[in-house]
Amino acid sequence: KIPYIMDFDTGTDDAIALICALLNQDTLDIKAITTVAGCVELDKTSTNTLNIVDYLGFDIPVALGAEGPLKKELFVAISHGPSGLGNVIVPPAKRGFYDKDAADTIYHFAKECAGDLHLLACGPLTNLALALLRYPDMNTLIKRITIMGGALVGGNMTQASEFNIWVDPDAAKIVFDAGIPLTMVGLDVTLKTEMPKSVFEKIAVTDNPFAELSTRIIDFMINRNQLSAVSLYGSVELDPAYMHDALAMAALVRPDLITTKKYNIAVELDGENTRGMTVADFNNVMNREPNIDAAVEVDVEGFWEWMLELMANGPGR
Ligand code: BDR
Ligand code: CA
């Protein structure tokens, strides 16, 4: 089994990624889950994460991470609703958080796994950056980081910047430049994962707690533009049910679902209008070493089949 730490800013689509991760215990050894502020504030992303893990019957440690970006003010997304899980209520966990913070947790398990630890990050990269800043040997201890974040083209905050990078570009730069093998599952690819109604309907009739919780969350995502809790925010058009984070999760166990290309990618910190942009050197004109395996395509039908099979098999795997 591959040892993992997973970092979430849970968040509706983070929650689906987390549920899929919990359904993959046959191949993933999840040492800990760390939380970060992003989709909503840290107390909410953390409570959502712990409640989901506990509700689905797992005792994986959940460690509290950064309350905000390294240098910027925290900006939270509105599309996940005030709690981060839309109108979905998960029963409160009967246990507490891990006794180390996220950065210390990452380092602790990185040491314990002696170079074999993999990381999945589905939110702003603040915790990973803090671990790298705090521990000088950290970058030698991680086998690979897979992130949902950035884009080879476009953005969802500005035309140039994707949410997870835009929230904490300083952290993203530290992580991208750390010399750790990094797979970037970017927005231009995850935007192809709007869940079709036919897939949702199959999950909705699947009878186990994983599929049942997923159904409630995805139902909110599909209908969030019509729900009063969110229409508080006025006339902003909210995202449909994109499975951004679940695609990055899928790439861990089914790398064949995405096609990647290796580029040098730099995180823009100084651009007057392009802060948080992930700038890929497509033609190698900057003469820098390629440092990122960036997703360029997804087998979206294969992704839905993968998710449906996971949900159907449930915890009995
Ligand atoms: C990313 O931003 C968050 O809202 C989602 O959870 C995802 O990680 C997409 O840009
Ligand atoms: Ca996320």
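Remember, predicted model here, so these are calculated numbers, not experimental data. (Residues numbered from 1 in each chain as written. Chains lettered and ligands numbered in written order. Predicted model: local features only at pLDDT ≥ 70, side-chain atom pairs only at ≥ 80, totals over all residues.)

Peer 1: Describe the environment of Leu252, with residues and values.
Peer 2: Looking at the secondary structure, you find Leu252 in helix H11 (residues 244-253). Note on Leu252: 22 C-beta atoms within 10 Å, which makes it buried. Between the C-alpha atom of Leu252 and that of Ala151, which follows or precedes it by 101 residues, the distance is 19 Å. Other than its neighbours up to four places away in sequence, Leu252 contacts Leu28, Leu120 and Thr146. (Helix = DSSP H or I, 4+ residues; strand = E, 2+ residues; numbered from the N terminus. Buried ≥ 20, exposed ≤ 12 C-beta atoms within 10 Å, placed from the backbone. Contact = placed C-beta atoms within 7 Å.)

Peer 1: Help me get a handle on the site of ligand 1, residues and values and all.
Peer 2: Around ligand 1 sit 15 residues, and of these Gly11, Asp13, Ala77, Phe163 and His244 come closest. Among the secondary structure elements, those contributing two or more residues to the shell around ligand 1 are helix H1 (12-22), helix H5 (163-167) and H11. Partitioning the shell around ligand 1 into residue classes produces six nonpolar, five polar and four charged. (Near = placed C-beta within 6 Å. Nonpolar A, V, L, I, M, F, W, Y, C, P; charged D, E, K, R; others polar.)

Peer 1: Explain unusual backbone geometry residue by residue, including any values.
Peer 2: Of note, the amide linkage connecting Thr10 to Gly11 takes the cis form, showing an omega dihedral of -5 degrees. Positionally, Gly11 belongs in the loop between strand E1 (2-8) and H1. For Ala114, which is not glycine, the phi dihedral falls at a positive 50 degrees. Along the chain, Ala114 falls in the loop between helix H3 (102-112) and strand E4 (117-121). Judged by the 9 C-beta atoms lying within 10 Å of it, Ala114 falls in the exposed class. For Asn287, which is not glycine, the phi torsion reads 55 degrees and is therefore positive.

Peer 1: Would you mind going over the nonpolar core in detail, with residue names and values included?
Peer 2: If you look at the biggest cluster of nonpolar residues, it comprises 103 residues, and the most contacted ones within it are Cys20, Leu128, Val175, Val185 and Ala248. No other element matches the eight residues that H1 contributes to this core. In contact with Cys20, not counting residues within four places along its chain, are Ala246, Met249, Ala250, Met307 and Leu310. (Core = buried A, V, L, I, M, F, W, Y, C linked by C-beta atoms within 7 Å.)

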